[in-house]
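# Commentary on secondary and tertiary structure
Now for the letters of each chain:
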2 protein chains.
Amino acid sequence: VSRILPVILCGGSGTRLWPLSRDDRPKQFLSLTGSETMLQLTLARVGDPAIFDPPMLVGSYQQSSELEVQIAEGGIGSFTLLLEPCARDTAGAIALAALSAGRPDQIILVMPSDHLIPDRAEFVSAVQRARPFAEEGWLTTFGITPSRPETGYGYIRCGGDLGGGVFEAARFVEKPDAVTAQHYLDEGGYRWNAGIFLFRADAYLAELDRQAPQIAEAARAAIALSPAGSHSILPDHDAFAECPRRSVDYAVMENAPRVAVVPVDMDWSDLGSWDALRDVSARDAEGNSVTGPGTLIETRDCLLRSTGVRIVALGVEDLIIVSTGDAVMVVPRGKSHLVKQAVEELRSQSPELLFSENPSRTAED
Amino acid sequence: VSRILPVILCGGSGTRLWPLSRDDRPKQFLSLTGSETMLQLTLARVGDPAIFDPPMLVGSYQQSSELEVQIAEGGIGSFTLLLEPCARDTAGAIALAALSAGRPDQIILVMPSDHLIPDRAEFVSAVQRARPFAEEGWLTTFGITPSRPETGYGYIRCGGDLGGGVFEAARFVEKPDAVTAQHYLDEGGYRWNAGIFLFRADAYLAELDRQAPQIAEAARAAIALSPAGSHSILPDHDAFAECPRRSVDYAVMENAPRVAVVPVDMDWSDLGSWDALRDVSARDAEGNSVTGPGTLIETRDCLLRSTGVRIVALGVEDLIIVSTGDAVMVVPRGKSHLVKQAVEELRSQSPELLFSENPSRTAED
């Protein structure tokens, strides 16, 4: 049995966890749930050599040195770096990876680099359930059993039972409003779209050729023009610049004829906000989660996180307080969506706060 | 008409405004309500040379260089420094000043260095009302018309009308509980004890001799043994160490036979807590008071104060957030009494946070 090639998408940027995450230090490079970074946890998840090939990391050219540091710290000896010359969203990034996979029928596991999946065994077991379908040419995706009417995630509706605990995907839906999300939960059969996919490289490329030929064409040209003999895969900039910006969901999955869903009943979070991070953080008897120097008096149900000065929280409840070397943010639980607005304001007001204090290494390392 | 000698008590230490105030940087040295420090505002209040002599500043030996800097920055050309060799509370400190006043019948105005009195004209006018009584040997004190049933201040009950808007003091009462404070307001005739006094040096010393001879004796010995020809007045350490620690209220005022109260109807605050400072701070249309770099979104009725990194407050109400170069504190309005408890905890946990980051000069200068 041939092994699965993990393709880890590392190119995402994001500041939803500002002030901890920065333009040049997105959350995959942060230690959010323990000492390892989200990328290192993702690498460890696909570390079993009986099942997985050495991973391929797809990241931006600018991130290459950070990627190498994280890989080395994660103890990964063998890997492939695929450095996107410019950002063209996930459909194009995955096309580059599929074209670089070696064999056309290589099974690849596409994963974000910044999601939380604590149960590795359950994850690998779901991948194994998906594998026979991927081998037959299905584009398989993983659907997380929803635990609440979350409006921050996309949903997949399960259709016909394909056997082996796998279903046809009946419909992909974008982030719903609260009423619709509750309706999905009540109705059942809806799963959270985790953005994790297992498929044969050629099956993906064939569907891309059919639905989004410009993406496939730009990726093929970029790979064809990449320099030979390089340490990393370096697709040609000008060729890839022609690639339309599309997500894999939108460009391929939503309208592909043979998409399968593997329902997975495990904890999962995209850690897409401070509230999401708080939800998965270990708490003490008072409901507080404290990382870094903190002094708490009469304080309950708070998330305190400092990579900078000591946070002293007195008589507060349900607050998220984050302190770094150059900013401190305070937001009540349930309102961390306001971070996006703050980041937009800071972009004109104090743009240096969107970049890490020390671009090479910061305090949370 | 001879002029009044202002005696400004600068020896107080305190961390009730931690993390802004520190053991070595009490609030008289901080700019809390504008660009000038509380001490500089106090000096300016008695700056009219038609009424006041150059001030005498009574402070600790350790504070002497900070005092000189503040005086120079405040533009005070002529002054006397009286440096207490050890802290013995206000009764002893005032005794040293009274003995150093030059003439026995010198009228001295004793004032804390860290109180807020925005209306200088009303203050000076009250001093002028008190003056005839002080000249006759009364120990006069100033009673602020209470605006709320404050439990953080002592009260003075006005007795018989002495004319000229001045009353006999019927009773001094310590900080009352909330019910008692409300009772004082309802009953009327009670005033806040502002800790400001006008009296003849000899009248004070005579009453001290009668009620607390050990204090008077220690102060006399300390002054007698102070080195001649020095730039500052330097009372002898060993002699003054014998002085009992007593407040002027307790040692003298509460039981003196001829104490007069000058009621004053003006804004006044001892700035004894973050809540007190918030109460007197200018606010914007959203009720926020922001000093230093701040970004506020959907935030109301907050006090934000940074001498360090930018504070980003999102969706919060009624919070006090203070950021310095080495700590950040968050406390809801109405709970700033918890700062005291935090400081006690930090004294063992992280004692360096009780001292200023840069003992010579800090960010708020």
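In what follows, the structure referred to is the one given above.
Only a predicted model underlies this, so the values are computations on that prediction, with no experimental measurement involved. (Residues numbered from 1 in each chain as written. Chains lettered and ligands numbered in written order. Predicted model: local features only at pLDDT ≥ 70, side-chain atom pairs only at ≥ 80, totals over all residues. Heavy atoms only, no water.)

One pass over the structure, following the stated rule, counts 13 aromatic pairs over all chains. Both rings, one in Tyr155(B) and one in Tyr184(B), keep their centres 5.1 Å apart while their planes meet at 55°; by these two values the pair is tilted. Placement of Tyr155(B) in strand E6 (residues 155-163) and of Tyr184(B) in helix H5 (residues 178-187) is noted, with a sequence separation of 29 residues between them. Taken together, the ring pairs connect Tyr153(A), Trp192(A) and Trp268(A) into an aromatic cluster. Of note, Arg45(A) hangs over the ring of Phe123(A), and the distance from its end group to the ring centre comes to 6.0 Å. (Phe/Tyr/Trp six-rings, centres within 6.5 Å; stacked < 30°, edge-to-face > 60°. Helix = DSSP H or I, 4+ residues; strand = E, 2+ residues; numbered from the N terminus. Lys NZ or Arg CZ within 6 Å of the ring centre and 35° of its normal.)

Looking now at the side chain of Asp53(B). All names here are of chain B. Summarising the element assignment, Asp-53 is placed in the loop between helix H1 (38-45) and strand E2 (56-60). Among the polar contacts listed, one links the side chain of Asp-53 to the side chain of Arg-3, at a separation of 3.0 Å. The residues touching Asp-53, leaving out its near neighbours within four places in the chain, are Arg-3, Ile-4, Leu-5, Pro-6 and Gln-106. (Polar contact = N/O pair within 3.5 Å; in protein donor to acceptor, adjacent residues only side chain to side chain. Contact = heavy atoms within 4.5 Å.)

For the rest of this paragraph, the subject is unusual backbone geometry. Cis geometry marks the peptide bond from Trp18(A) to Pro19(A), where omega comes out at 10°. Mapped onto the elements, Pro19(A) comes out in the loop between strand E1 (5-9) and helix H1 (38-45). In this structure, Leu271(A) is a non-glycine residue whose phi angle is positive, near 50°. Secondary-structure assignment places Leu271(A) in the loop between strand E9 (259-264) and helix H10 (274-280). A positive phi is found at Asp318(B), a non-glycine position, where the angle reads about 55°. Mapped onto the elements of the fold, Asp318(B) is located in the loop between strand E13 (310-314) and strand E14 (319-323).

Side chains that are three or four residues apart share a direction in an α-helix, a result of its 3.6 residues per turn. Within the sequence span of helix H6 (residues 201-211) of chain A, burial applies to Ala201(A), Ala203(A), Tyr204(A), Leu205(A), Glu207(A) and Leu208(A). Next to the buried residues of H6(A) lie helix H3 (89-99), strand E5 (139-144), strand E8 (190-200), helix H7 (213-224) and helix H9 (248-251) of chain A. (Buried < 20%, exposed > 50% of the residue type's maximum accessible area, 1.4 Å probe, protein only.)

Moving on to the packing of H1(A) against helix H4 (residues 120-135) of chain A. Residues and elements named next belong to chain A. The contact between H1 and H4 brings their axes to 10 Å, and the two run at 55°. Looking at the two axes, H1 sits oblique to H4. Facing Leu-41, Ala-44 and Arg-45 of H1, the residues of H4 in contact are Arg-120, Phe-123 and Val-124. For the contact of H1 with H4, a count of residues per class yields four nonpolar, no polar and two charged. (Axes fitted to C-alpha atoms, helices over the stretch in contact; angles between N-to-C directions. Parallel < 35°, antiparallel > 145°, perpendicular 65-115°, else oblique. Nonpolar A, V, L, I, M, F, W, Y, C, P; charged D, E, K, R; others polar.)

Before going further, it helps to examine the relation of the copies chain A and chain B. Expressed as a screw transformation, the operator carrying chain A onto chain B has a rotation angle of 180° and an axial translation of 0.0 Å, and the superposed copies differ by an RMSD of 0.1 Å. Such a combination of rotation and displacement between the chain copies is what one expects of a two-fold axis. Every residue of chain A has its C-alpha some distance from the rotation axis, and the shortest such distance is that of Val328(A), at 3.9 Å. When the interface residues of chain A are mapped onto chain B, 100% of them again fall at the interface, so both copies present the same face. (Least-squares fit on C-alpha atoms with pLDDT ≥ 70 in both.)

Let us now look at the pairing of strand E6 (residues 155-163) of chain A. Residues and elements named next belong to chain A. Looking at chain direction, E6 and strand E7 (residues 166-173) are connected through six bridges and run antiparallel. Within E7, the position partnered with Arg-157 by the bridge is Arg-171. Here E6 hands over to E7 after two residues, with Gly-164 in that stretch at a positive phi of 65°. (Pairing = 2+ DSSP bridges.)

So, about the sheet that holds strand E12 (residues 303-306) of chain B. One open sheet accounts for six strands, arranged E11(A)-E13(A)-E15(B)-E14(B)-E12(B)-E10(B); its pairing is mixed. Both edges of this open sheet fall to strand E11 (294-297) of chain A together with strand E10 (289-291) of chain B, since each of them pairs with a single strand only. Recorded for the sheet is a direction-independent mean angle of 5° between the axes of neighbouring strands. In terms of strand pairing, E12(B) meets E14(B) through four bridges, oriented parallel. Looking across to E14(B), one finds that Arg305(B) is bridged to Val322(B). On top of the sheet, helix H11 (residues 338-349) of chain B reaches E11 and strand E13 (310-314) of chain A together with strand E15 (327-332) of chain B; it is set at about 140° to E11(A), its chief contact.

Right, let's get into the interface of chain A and chain B. Residue-level contacts link 35 residues of chain A with 35 residues of chain B. Roughly 2600 Å² is buried in total at the junction of chain A and chain B, and carbon and sulfur atoms are behind 66% of that figure. For the chain A face of the interface with chain B, the top three residues by lost area are Arg310(A), Leu314(A) and Val328(A), together amounting to 23%. On the surface where chain A and chain B come into contact, there are zero salt bridges. Scanning the region where chain A abuts chain B turns up 14 residue pairs in polar contact (both at pLDDT 80 or more). Looking at the side of chain A that touches chain B, the elements that each hand over two or more residues are E11, E13, strand E14 (319-323), strand E15 (327-332) and helix H11 (338-349) of chain A. In terms of residue count, H11(A) provides more of the side of chain A that touches chain B than any other element does, seven residues in total. When grouped by side-chain class, the residues that make up the side of chain A that touches chain B number 22 nonpolar, eight polar and five charged. In the sheet, E13(A) pairs with E15(B) via four bridges, with the strands oriented parallel. Each residue of the ladder has a partner; that of Ala313(A), found in E15(B), is Val330(B). (Buried area = accessible area lost by both parts, 1.4 Å probe. Salt bridge = Lys/Arg side-chain N within 4 Å of Asp/Glu carboxyl O.)

Turning next to the pattern of salt bridges. Residue and element names in this part refer to chain A. For the structure on display, the rule yields 30 salt bridges over all chains. Between Glu-122 and Arg-129 there is a salt bridge, with its nearest N and O atoms 3.6 Å apart. Classification of Glu-122 as partly exposed rests on a relative accessible area of 22%. By relative accessible area, which is 25% here, Arg-129 ends up partly exposed.

Time to look at the side chain of Ser100(A). All names here are of chain A. Along the polypeptide, Ser-100 turns up in the loop between H3 and strand E4 (107-112). Reaching out from Ser-100, the side chain makes a polar contact with the backbone oxygen of Leu-96 at a distance of 2.7 Å. Among residues more than four places away in sequence, those in contact with Ser-100 are Met-56, Leu-82, Ile-223 and Ile-233.

For the rest of this paragraph, the subject is the state of the cysteines. A full pass over the atoms with the stated rule returns zero disulfides over all chains. Summary of cysteine pairing: Cys243(A) is not part of a disulfide, and the nearest cysteine sulfur, belonging to Cys86(A), is at 8.0 Å. (Disulfide = S-S within 2.5 Å.)

Strand pairing in a sheet is mediated by backbone hydrogen bonds. Such pairs are either parallel or antiparallel. If you walk across this open sheet you meet the six strands as E10(A)-E12(A)-E14(A)-E15(A)-E13(B)-E11(B), and the pairing is mixed. Every other strand in the sheet has two partners, leaving strand E10 (289-291) of chain A together with strand E11 (294-297) of chain B as the edge strands with one partner each. Between one strand axis and the next, the sheet turns by 5° as a mean value, whatever way the strands run. As judged from the three bridges shared by E10(A) and strand E12 (residues 303-306) of chain A, these two strands associate in the parallel manner. Paired with Val290(A) across the strands is Leu304(A), a residue of E12(A). Seen against the sheet, H11(A) touches E15 of chain A together with E11 and E13 of chain B and runs at an angle of roughly 140° to E11(B).

Moving on to the packing of H1(B) against helix H2 (residues 64-73) of chain B. All names here are of chain B. Two elements in contact, H1 and H2, have axes whose closest approach is 10 Å; the angle formed by their N-to-C orientations is 55°. In terms of orientation, H1 and H2 fall into the oblique class. Classified by chirality, the crossing of H2 by H1 is right-handed. Contact residues: Leu-39, Gln-40 and Leu-43 in H1; Leu-67, Gln-70, Ile-71 and Glu-73 in H2. Residue classes in the contact of H1 with H2 are distributed as four nonpolar, two polar and one charged. (Left-handed = near helix turned anticlockwise from the far one by under 90°.)

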